[in-house]
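# Fold and contact review
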Amino acid sequence: MSIKPIEFENGVCRMIDQRLLPAQEVWLDYRDYRSVAEAIQTMVVRGAPAIGVAAAFGAAFAAAEIEAEDFAMFESQFEECCAVLAATRPTAVNLFWALDRMKSVAKANQKLSLPDLRQVLLDEALTIAEDDDQINRTMGAHGQVLFPDKANILTHCNAGALATGGYGTALGVIRAAVEAGKQIEVFADETRPFWQGARLTAWELMQDDIPVTVICDNMAGYLMQQGRVDAVIVGADRITANGDVANKIGTYTVAVLAKEHGIPFYVAAPMSTIDLSLTDGSQIPIEERDPREVTHCGDTQLAPDGVKVYNPAFDVTPSHLVTAIITERGVVQGDYLNGLKALAQ
Ligand SMILES: CSC[C@H]1O[C@H](OP(=O)(O)O)[C@H](O)[C@@H]1O
C-alpha cells in the first residue's frame, strides 16, 4: 500500500507529521510558503525527494501570495520566497532541484497573466509529486533483480514512501522485490539520533506486511559477521559526478562494514538526487542539527547539561564502497563518472 506523505487538495497541502510516527498519525495543513519552510526545517516532512515535493508546493503557495504589476517584479519576489525555502536544509539536492525547476517554469511562462502563471506553477508542483511515485516504481523494477529470493536486506534510515512522493527509493526496491514474489526480510537500523529507521521504516514495512527487524545502529557489524545480511540498500540525499554518496549519518559506517564482509552495498536514488555539478563528495554541504537531538529522546535526557555535542545529519560514502547506484533510468556500476553522465543525457 505505501503511504503518500504529502497530499494536495482544495488549495491545501497536507503532510503527515513524521516527528510523531509511529505513535501518532497526525496530518498538518499548509497554505503558505513560510510554514512549508518550517515543516522542512523541523522535519515534519523529511527525505530528499519528499523535501523536493514539499518545496515545490511551497513555491506554488509563494506565487499565490505575490502581487506584481509585471513579471520582473513577480520574479524578484518569487526568488526571495524560494530563497527562504532553499535555506531550510543544505544537503538534499532535491530541494534545490525542485526550486530551480519551479523558477524555470515561471520564467518560461512569463507572458501569462498572474492568475494563469500561478496555476501553471501549481500544476508543476502537482506534476513533481505525481512523477515521483512513478519514478520510484520504475527504480524499484530496475533494482529488484539484484536481490535473490529469500534475501535478508539491511537498510539504514528511511528511504521509503515517507521520504518520497510515495513507494520509496531503497524501500521501493524492496517493495518491488516482494511484488515480484521474492521472500525478503529486512533489518532496519534504528538510525540515531532522529530514529528514522526504528520509527519510520519499521512502521512503513509493517503496514505492508514486509517482515522487518529493528536493530541498534551498533549491531549491524555483528549481524554481518554472523552471515545474516545478504545485501545492504540505502537512499541518498546527494550523489556527485564520481558516485560519492551523501546519506544519513551512519551510512558510511555500514558501507565500510559491508565491504569488510563482502556484502553488496546498493544505493537507490532518482536522477534528481544526482548532482553532476559537484566532482566529489568533499564538496557536499553537510547539515549539522540541534544538539538536543543527541542529548535528548523526547523529554528523556541522555547526556549531561552543557556537554559538547557534534550532530552531523549526514555523511559521505566514497564511491569505491558502492556496489551499484540504482536509478529510474537504470543501474550504474563501477565507472560512475561516465555511467552517471550517460544516464543524465
Ligand atoms: C529517499 S530519502 C533520502 C534520504 O533522506 C533522509 O534524510 P532525512 O531523514 O534527514 O531527510 C535519509 O538520508 C534518506 O536516506
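Per an unreviewed UniProt entry, the protein chain goes by Methylthioribose-1-phosphate isomerase and derives from Desulfuromonas acetoxidans. Checking UniProt for the protein chain, the heading Sequence similarities (unreviewed entry) contains the comment "Belongs to the EIF-2B alpha/beta/delta subunits family. MtnA subfamily." UniProt, in its Pathway (unreviewed entry) section for the protein chain, records the words "Amino-acid biosynthesis; L-methionine biosynthesis via salvage pathway; L-methionine from S-methyl-5-thio-alpha-D-ribose 1-phosphate: step 1/6."

## Focus: empty space enclosed by the protein
Counting across every chain of the model gives three cavities of 30 Å³ or more. Its boundaries defined by the atoms lining it, the largest cavity holds a volume of some 170 Å³. Around the largest cavity sit 24 residues that line it, and Arg46, Gly47, Ala48, Asn158 and Asp237 are the ones nearest its centre. Taken together, the elements giving at least two residues each to the lining of the largest cavity come down to helix H2 (48-65) and strand E9 (245-248). Taken together, Met43, Arg192, Pro193, Phe194, Gln196, Lys248, Ile249, Arg289, Glu293, Asn311 and Ala313 form the lining of the second largest cavity.

## Quick notes on the pattern of salt bridges
Counted by the stated rule, this structure contains 17 salt bridges. Close ionic contact of Asp29 with Arg14 constitutes a salt bridge, the shortest N to O distance being 3.1 Å. Taken together, the residues Asp29 in strand E3 (residues 27-30) and Arg14 in strand E2 (residues 12-16) connect sequence positions 15 residues apart. For Arg14, a relative accessible area of 30% gives the class partly exposed. Note that Arg101 is salt-bridged to Asp131, the shortest N-O span being 4.0 Å. Taken together, the positions of Arg101 in helix H4 (residues 93-108) and Asp131 in helix H5 (residues 114-144) put the pair 30 residues apart, joining distant regions of the chain. A cluster of three or more residues bridged by salt bridges with shared partners is formed by Arg89, Glu287, Arg289 and Glu293.

## Remarks on the site of the ligand
Of all residues adjacent to the ligand, which total 18 residues, the nearest are Gly47, Arg89, Asp237, Asn247 and Lys248. Between the ligand and Ala48, the relevant distance is 3.4 Å, taken from an oxygen atom to a main-chain nitrogen or oxygen of the residue. According to the grid-proximity analysis, the pocket containing the ligand is the largest cavity. Of all the secondary-structure elements, those providing two or more residues to the shell around the ligand are H2 and E9. For the shell around the ligand, the domains that each give at least three residues are domain 1 (6-137) and domain 2 (140-344).

## Topic: the sheet that holds strand E8 (residues 238-240)
Across the sheet, which stays open at both edges, the four strands sit in the order E11-E8-E9-E14 with mixed pairing between neighbours. Lying at the two open borders of the sheet, with one neighbouring strand each, are strand E11 (274-275) and strand E14 (314-317). Where E8 and E9 come together, two bridges link them in antiparallel fashion. If you follow Ile239 over to E9, its bridge partner there is Val245.

## Focus: helix H11 (residues 336-344)
Buried within H11 we find Tyr336, Gly339, Leu340 and Leu343. The arc that holds every buried residue of H11, seen down its axis, measures 90 degrees, which confines them to one face. Those residues of H11 that are buried are in contact with E8, E11, strand E15 (324-327) and strand E16 (330-332).

## Examining the environment of Pro22
Summarising the element assignment, Pro22 is placed in the loop between E2 and E3. Linking Pro22 and Arg199, residues 177 residues apart in sequence, is a C-alpha distance of 5.5 Å. Those residues within four positions of Pro22 in sequence are excluded, and the remaining contacts are Arg199 and Trp203.

## Let's talk about the sheet that holds E16
Sheets are built from strands paired through backbone hydrogen bonds, the pairs being either parallel or antiparallel. Pairing within the open sheet is mixed, and its seven strands lie in the order E6-E5-E4-E7-E10-E15-E16. What marks the edges here is a single partner per strand, and that holds for strand E6 (212-215) and E16. The mean inter-strand angle of the sheet, taken between neighbouring strand axes irrespective of direction, is 25 degrees. Across four bridges, the pairing between strand E5 (residues 184-189) and E6 is parallel. Bridge pairing in E6 links Phe187 to Thr213.

What counts, and where the lines are drawn
Residues numbered from 1 in each chain as written. Predicted model: local features only at pLDDT ≥ 70, side-chain atom pairs only at ≥ 80, totals over all residues. Heavy atoms only, no water. UniProt positions renumbered as here; feature names shortened; annotations may be inferred. 1 Å grid on protein atoms, 1.4 Å probe; cavity = no way out; pocket = protein on both sides within 12 Å on 5 of 7 lines; lining within 4 Å. Points joined across faces, edges and corners; volume = space filled by probe spheres on them. Helix = DSSP H or I, 4+ residues; strand = E, 2+ residues; numbered from the N terminus. Salt bridge = Lys/Arg side-chain N within 4 Å of Asp/Glu carboxyl O. Buried < 20%, exposed > 50% of the residue type's maximum accessible area, 1.4 Å probe, protein only. Near = heavy atom within 4 Å. Polar contact = N/O pair within 3.5 Å; in protein donor to acceptor, adjacent residues only side chain to side chain. Sits in = over half its atoms within 2 Å of the grid points. Domains from an automatic or database assignment. Pairing = 2+ DSSP bridges. Arc of directions from axis to C-beta. Contact = heavy atoms within 4.5 Å. Axes fitted to C-alpha atoms, helices over the stretch in contact; angles between N-to-C directions.

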